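Here is how the chains run, residue by residue.
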Amino acid sequence: MRIKKNITMVICAAVAATTILSGCTQNNTQQNTSKSEAISSEAPTEAPATEAPVEETEDSPKDIFVNETFVSKSKKKNVYQKTYKASSNAKSPDSLKSWNQKGVKKQIVNFVKEATNPKSKSYIPPEDRIVVTDIDGTLIAEKAKKIDNDAMTKKTPAEVKDYLLEHQNDYFDKDKKLKYSEIVYQPMVEMYDYLKANDFDIYFVSGNCNSLTYAWANYYFNADYAHSIGSNLILDYDDTDGLKMGPTGKYEGCWNELKSYRIYNQIGKCPVLGFGNSDGDVHMLSWIKTNPDYKSLSIMINHDDDQREYAYAADKISEECEKNGLLDAKMTENFKKVFTK
């Protein structure tokens with residue numbers, strides 16, 4: 001009988017404790033509800049309700065473009081690189097044959113001379129001789145039959161490279177008889193070789209997606225992927241049949257201030273020299289002008305030549321140059337020759 005009594009007492013105690021805890025929980029719930037209601041009454045009435053996340057299942061459709069390859073498969077040879085020959089004296093200003101002697105060329109040459117002279121106050125060590133350049137309109141023509149950037153966001157860099165090789169003999173502009181292999185600016189090819197020979201490290205920065213940015217830089221300048229900075233592809237992956245990763249067809253931009261951000265994040269340094277051609281390059285070029293460690297130079301290629309190339313936004317670019325302290329490289333005044341052909 002004593003044992004049963006003890007058991008009964010334990011049960012009663014447990015029930016009592018449960019009742020007390022239940023009462024406390026109810027009180028706490030009421031208090032929390034009151035607080036919640038108070039917070040809710042202070043919040044804006046138009047605040048959107050948070051939807052519960054939808055759990056993805058194996059049967060959920062994936063908007064993903066699984067890549068066929070990361071290695072170039074095209075058997076076509078690079079037509080441009082077959083005809084391209086670097087100047088034997090690329091380190092000398094004399095190699096800049098397609099530039100008019102005065103104007104922008106003179107200022108760039110003086111800048112390079114000081115930057116590479118260890119005795120100069122404006123000397124820049126090789127590891128800090130960072131150059132960034134836009135591609136479309138700065139290194140190659142952009143005002144005709146452009147390659148569809150959105151279509152390239154669904155391809156790997158290797159696939160885009162193969163696409164360029166397959167279409168390099170197509171016409172960029174039939175009226176001007178310009179093929180894609182011929183739209184690079186000869187003065188900028190010479191400038192690239194000149195800077196490279198003087199130990200400047202050159203990066204290609206474009207609003208195009210990373211895949212297209214790399215393909216253009218590689219096609220014309222034989223640049224590696226690490227020296228290409230474009231709009232970041234948004235990727236997705238599919239692990240239902242082994243892990244496959246590929247682009248979604250969407251991308252994060254690389255223009256205006258985003259160019260400066262991506263340069264900073266990839267290189268970790270402020271460049272000392274920059275080339276652009278549009279208002280989308282103004283922020284990047286203006287940032288370079290603020291380099292706290294070295295003398296810097298920013299150049300705008302100004303399209304004011306409708307005879308040899310395409311004239312557009314010339315007055316606007318001149319205004320931007322004057323306003324932001326950028327060099328105004330008008331094609332009519334600075335380029336003896338425009339295209340490589």
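Only a predicted model underlies this, so the values are computations on that prediction, with no experimental measurement involved.

Draft legend 1. Structural context of the overall build of the protein chain. Broken down by element type, the protein chain carries 11 helices and 9 strands. Looking at the protein chain as a whole, 45% of its 341 residues are labelled buried. Across the protein chain, every contact between residues at least 6 apart in sequence was considered, and the portion connecting residues at least 24 apart equals 71%. Of the roughly 19600 Å² of accessible surface on the protein chain, a fraction of 51% belongs to carbon and sulfur atoms.

Draft legend 2. Inspection of helix α10 (residues 314–324) at higher detail. All of the buried residues along α10 are A314, I317, S318, E320 and C321. Buried residues in α10, looked at end-on, bunch into an arc of 160°, giving them a common side. Within α10, the exposed residues directed more than 90 degrees away from the buried face are D315, E319, E322 and K323. Summarising the contacts, the buried residues of α10 are in contact with α9 (282–289), β8 (297–302) and β9 (327–330). After α10 finishes, the residue G325 shows a positive phi value of roughly 70°.

Draft legend 3. Geometry of the environment of K336. Tracing the sequence through the fold places K336 in the segment after α11 (331–334). When its relative accessible area of 51% is taken as the criterion, K336 is described as exposed. Counting along the chain gives 236 residues from K336 to N100, while the straight-line C-alpha distance between them is 5.9 Å. Setting aside residues no more than four positions away along its own chain, K336 makes contact with K97, S98, W99, N100 and R308.

Draft legend 4. Examining α9 more closely. Buried within α9 we find V282, M284, L285, S286 and I288. Next to the buried residues of α9 lie β1 (130–133), β4 (201–209), α8 (257–267), β7 (273–276), β8 and α10.

Draft legend 5. Inspection of the pattern of salt bridges at higher detail. Overall, the coordinates contain 7 salt bridges when judged by the stated rule. Of the charged contacts, one joins K76 and E166 as a salt bridge, the two residues approaching to 3.9 Å between their closest N and O atoms. Within this pair, whereas K76 is found in the loop between α1 (2–42) and α2 (79–83), its partner E166 is found in helix α5 (residues 157–167), the two being separated by 90 residues in sequence. By relative accessible area, which is 43% here, K76 ends up partly exposed. With a closest N to O distance of 2.7 Å, K269 and D128 form a salt bridge. Of the two residues, K269 sits in the loop between α8 and β7 while D128 sits in the loop between α3 (104–115) and β1, which places them 141 residues apart along the sequence. Its relative accessible area of 15% is what places D128 among the buried residues. Members of the salt-bridge network, linked through shared partners, are D134, K259 and D281.

The rules we used
Residues numbered from 1 in each chain as written. Predicted model: local features only at pLDDT ≥ 70, side-chain atom pairs only at ≥ 80, totals over all residues. Heavy atoms only, no water. Helix = DSSP H or I, 4+ residues; strand = E, 2+ residues; numbered from the N terminus. Buried < 20%, exposed > 50% of the residue type's maximum accessible area, 1.4 Å probe, protein only. Contact = heavy atoms within 4.5 Å. Areas by Shrake-Rupley, 256 points an atom, 1.4 Å probe, with all protein chains shown as cover. Arc of directions from axis to C-beta. Salt bridge = Lys/Arg side-chain N within 4 Å of Asp/Glu carboxyl O.

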